[in-house]
Amino acid sequence: MLKLRFAADYRCLFYAFVLFPGVALAHYVQPALVGWLLPVSLYMGYCAGIFSHNHNHCPTFVNRRTNEWFSAWLSIFYGYPLFAWIPTHNLNHHKHVNRAGDATITWRYTKEHTFWTAATYFFVSAYFQSGPIREYIDKARAQGGRVHRQIVTQAVSVIVAHVALLGLGIALWGLGTGVLVYTFGFAIPALFALWSMMFTNYIQHVHCDPWSPDNHSRNFVSKWNNWFVFQAGYHTVHHENPGTHWSKYGELHAARAHLIAPELNEASIFAFCVKNYVLGPFFERFRTKQVGRAAYDAPAATLETDSVAAVEAGINAEIA
Ligand SMILES: [Zn+2]
């Protein structure tokens, strides 16, 4: 029942069942920790986002029911029902890879890459994902099967857990402090999980070349950074092998790295942010530049105009 498909996921379970709730509930035990634990809480939120992504691509457990319960559990820390990845990420982003038809394109309003476009990308991306998500829910509901039951279970888990956790904080510490312990324990990490996944998606694709099998993504290749983020920095090989378990991405990247444009193998997200957002405004050479063919520069024969139909076809295939 609890059998894992890959032993590397024991660390994910330790995070998901010990660290996530442990760090969050520490605020309830000792409200003086509010603020002090923020860096750790944000890291927990980031990992919740990574697990949500990975679990949708490559289920964690052997048993289907256990996977469904794990999705519901992760939804609480991710702050949103996990199924939402399926219509806009698995069926859409992985198919179009930042080209026309991708609900999460990085170049919707501007082709420039600035701190402002990266930081506010969350709002643009979330807005344009809402249509395909809505459609996915409607189709699942009309069919009334397993997919719909999972959507309901995940949504109920998020709402009930967050209301109960807010209530618990208030019951323990009164209104002001209670709201504060809930906000720092659960709300901020969950919001950060959502924001940071979309931010990461933005910087992994902005100015890349989706027409190339090697240069469609930016990688963050620092080994020790990747230990902390469960190999999420190796994005090229993730797109090329989306169903492969995350623990294999280090080796896959090592085998492919020589084919990838060197400027798309950045050391770490932190160094990348300093270069682009701190130094970039003053020195042009620190900013990203378009590599190869731009996502919006479609060769005439492959121009995808009917993006809505493409998303719909993917959703129909998934539900069927
Ligand atoms: Zn993915």
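Residues numbered from 1 in each chain as written. Predicted model: local features only at pLDDT ≥ 70, side-chain atom pairs only at ≥ 80, totals over all residues.

Engineer: Explanation requested: the overall build of the protein chain in the structure shown.
Structural biologist: Looking only at helices and strands, the protein chain has twelve helices and two strands in total. Against the compact-globule benchmark of 20 Å for 320 residues, the protein chain has a radius of gyration of 20 Å, which places it among compact chains. Once the C-alpha set of the protein chain is aligned to its principal axes, its extents read approximately 60 × 50 × 40 Å. At a minimum sequence separation of 6, the contacts of the protein chain that also span at least 24 residues come to 70%. (Helix = DSSP H or I, 4+ residues; strand = E, 2+ residues; numbered from the N terminus. Rg over C-alpha atoms; globule rule 2.2 N^0.38 Å. Contact = placed C-beta atoms within 7 Å.)

Engineer: Explain the nonpolar core here, please?
Structural biologist: Soluble globular proteins tend to bury their nonpolar side chains together. Counting 54 residues, the largest nonpolar core has A48, L74, F77, Y78 and A193 as the members making the most contacts within it. Taken together, the elements giving at least two residues each to this core come down to α1 (9–29), α2 (38–57), α3 (64–78), α4 (85–96), α5 (115–143), α6 (146–173) and α7 (175–205). Ranked by residue count, the leading element in this core is α7, at 13 residues. Beyond its immediate sequence surroundings of up to four residues, A48 is in contact with F20, L74, F77, Y78, P189 and A193. (Core = buried A, V, L, I, M, F, W, Y, C linked by C-beta atoms within 7 Å. Buried ≥ 20, exposed ≤ 12 C-beta atoms within 10 Å, placed from the backbone.)

Engineer: Explanation requested: the packing of α4 against α5 in the structure shown.
Structural biologist: Two packed helices can be described by the angle between their axes and the distance between those axes. Their axes nearest at 8 Å, the elements α4 and α5 cross at an angle of 110°. As far as their axial angle goes, α5 and α4 are roughly perpendicular. For the pair formed by α4 and α5, the contact residues are I86, P87, T88 and N92 on the first element and Q129, P132, I133, E135 and Y136 on the second. Across the contact of α4 with α5, the residue classes break down as five nonpolar, three polar and one charged. (Axes fitted to C-alpha atoms, helices over the stretch in contact; angles between N-to-C directions. Parallel < 35°, antiparallel > 145°, perpendicular 65-115°, else oblique. Nonpolar A, V, L, I, M, F, W, Y, C, P; charged D, E, K, R; others polar.)

Engineer: Hey, could you run me through the packing of α5 against α7 in this one?
Structural biologist: Where α5 meets α7, the closest approach of the two axes is 8 Å, and the angle between their N-to-C directions is 105°. Regarding the angle of α5 to α7, the classification is roughly perpendicular. On the side of α5, the interface is formed by A118, Y121, F122, S125 and A126, while α7 contributes W195, M198, F199, Y202 and I203. Looking at the contact of α5 with α7 residue by residue, the classes come out as nine nonpolar, one polar and no charged.

Engineer: What is the right way to read the environment of F230 from this model?
Structural biologist: Residue placement: F230 occurs in the loop between α8 (223–228) and α9 (235–240). Given 21 C-beta atoms within 10 Å, F230 falls into the buried group. F230 sits 17 residues away from S247 along the chain, and the two C-alpha atoms are 7.1 Å apart. Among residues more than four places away in sequence, those in contact with F230 are I50, N54 and W246.

Engineer: Sorry, what's going on with α5 here?
Structural biologist: Owing to its 3.6 residues per turn, the α-helix aligns residues three or four sequence positions apart on the same side. With 29 residues, α5 should cover 42 Å at 1.5 Å per step; its first-to-last C-alpha distance of 43 Å lies within 8% of that length. In α5, a bend of some 45° at Y121 exceeds every other bend along the element. Listed as buried for α5 are Y121, S125, Q129, P132, I133, Y136 and A140. Where α5 terminates, the next one or two residues include G144, which has phi positive at roughly 65°. (Expected span 1.5 Å × (residues − 1). Bend = angle between axes of the 7 residues up to and from the residue.)

Engineer: Where do I start with the environment of Y43 in this structure?
Structural biologist: By the element assignment, Y43 lies in helix α2. For Y43 and F20, which are 23 residues apart along the polypeptide, the C-alpha to C-alpha distance reads 9.7 Å.

Engineer: Would you mind showing me how to read unusual backbone geometry here?
Structural biologist: Glycine aside, negative phi is the norm for most residues, and most peptide bonds take the trans geometry. Not every positive phi belongs to a glycine, and N98 is a case in point at roughly 75°. Assessed through the 25 C-beta atoms surrounding it within 10 Å, N98 is described here as buried. Residue F230 is not a glycine yet carries a positive backbone phi of 55°.

Engineer: Teacher, can you tell me more about the environment of V97 here?
Structural biologist: Mapped onto the elements of the fold, V97 is located in the loop between α4 and α5. By the C-beta count within 10 Å, which is 19 here, V97 ends up partly exposed. Once residues lying within four places of it in the same chain are set aside, the contact partners of V97 are D102, P210, H216 and H239.

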